[in-house]
Amino acid sequence: VQMEIKKNIELFNIIDKFKKAKLDKAGLVNNTVLFVLAYLGVFYLFQIFTIIPAFSIGVKMMIYNSEIDFNAVNTAASDADLWTSADNVINIFGTPVMMTIVVVLSAFLFLIKWDSERLNMRRLLFWIILCGIVRINGNYIFGHMFNLWNCNLVTDFLKITYPSIVLRWIFIILAFAIIFTVFRAMSVPIKKLFNPFAANRVNNLLS
């Protein structure tokens, strides 16, 4: 009973601290801008390196601000032949993944090795890593869970997720494991970014 009372008191103290905490408006704006820049940077990097190999082999596409549409224009038999080639599929949908991995790894190495005093630069690197991981793993995790053909084709042609359903779920679990491993490795840099042991940790966490 005493343990339960102690836990409840600690919980109420934490809640009370959050109620009294003040938003760091400048930090909130900076972080939001940095997140949007990182998200758009990773998104358009992915799009550009999808367009370049597709254009180089003559695949038809409709390019929008938010997506590249292959379905609406690849309707002829000759177009279908392009998608039966493993090389074409891997070039189109594998190239952006490889380029994003290069960018994420570069940002990761800079974040853990580069002891810069510029907090905003370290935050930008953190958001690039986050957005890159979500972009890569999200495409493949949800691609296989909801049968989105473009992501499925790469791993299916590579015989990683096809024809076995078990292989597909092993691949999805592995993708989650990669996310966990990367964020565990980033735990120390993240602590430096958000100062959890500083006196104003509640304000920082809330912001």
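Structure: above.
The present account deals with the structure reproduced in this document. Model, not experiment: these values are computed from the prediction.

Analysis parameters
- Residues numbered from 1 in each chain as written.
- Predicted model: local features only at pLDDT ≥ 70, side-chain atom pairs only at ≥ 80, totals over all residues.
- Heavy atoms only, no water.
- Helix = DSSP H or I, 4+ residues; strand = E, 2+ residues; numbered from the N terminus.
- Buried < 20%, exposed > 50% of the residue type's maximum accessible area, 1.4 Å probe, protein only.
- Areas by Shrake-Rupley, 256 points an atom, 1.4 Å probe, with all protein chains shown as cover.
- Patch = residues over 30% accessible without salt bridge, like charges linked within 9 Å, V, L, I, M, F, W, Y side chains within 5 Å.
- Salt bridge = Lys/Arg side-chain N within 4 Å of Asp/Glu carboxyl O.
- Phe/Tyr/Trp six-rings, centres within 6.5 Å; stacked < 30°, edge-to-face > 60°.
- Expected span 1.5 Å × (residues − 1).
- Arc of directions from axis to C-beta.
- Core = buried A, V, L, I, M, F, W, Y, C linked by side-chain atoms within 4.5 Å.
- Contact = heavy atoms within 4.5 Å.

1. Things to note about the overall build of the protein
Along the backbone of the protein there are 9 helices and 2 strands. Counting from the amino terminus, the protein carries its helices and strands in the arrangement α-α-β-β-α-α-α-α-α-α-α. Across the 207 residues in the protein, those meeting the buried criterion constitute 33%. Total accessible area on the protein stands at roughly 13,400 Å², and carbon and sulfur atoms take up 68% of it.

2. Regarding a nonpolar patch on the surface
Taken together, Phe35, Val36, Tyr39, Leu40, Tyr44, Ile48 and Ile52 make up a surface patch of nonpolar side chains, about 600 Å² in accessible area. In this structure, Ile52 sits in helix H2 (residues 25-56).

3. Topic: the packing of aromatic side chains
One pass over the full model with this rule turns up 5 aromatic pairs. Between Tyr39 and Phe43, the aromatic rings sit 6.3 Å apart at their centres with planes inclined by 5 degrees, giving stacked as the arrangement. Pair noted here: Tyr39 and Phe43 are both in helix H2, with a separation of 4 residues, about one helical turn. The class for Tyr39 is partly exposed, based on a relative accessible area of 38%. The exposure class of Phe43 is buried, given its relative accessible area of 8%. When the centroid spacing of 5.0 Å and the interplanar angle of 75 degrees are considered together, the rings of Phe43 and Tyr44 count as edge-to-face.

4. What to know about helix H7 (residues 165-185)
For H7, built from 21 residues, the straight-helix expectation of 30 Å at 1.5 Å per residue is met to within 8% by its first-to-last C-alpha distance of 30 Å. Buried within H7 are the following residues: Arg168, Phe171, Ile172 and Ala175. Looking straight down H7, one finds its buried side chains confined to an arc of 100 degrees; they lie on one side. Opposite its buried face, H7 presents the exposed residues Val166, Ile173, Phe180 and Arg184, each directed more than 90 degrees away.

5. Concerning the nonpolar core
If you look at the biggest cluster of nonpolar residues, it comprises 15 residues, and the most contacted ones within it are Leu111, Ile129 and Met186. At the level of secondary structure, the elements contributing two or more residues to this core comprise H2, helix H4 (86-113) and helix H5 (119-145). The residues contacting Ile129, other than those within four sequence positions of it, are Val104, Ala107, Phe108, Leu111, Val182 and Met186. Counting 10 residues, the second largest nonpolar core, distinct from the first, contains Val59, Val89, Ile92 and Phe93.

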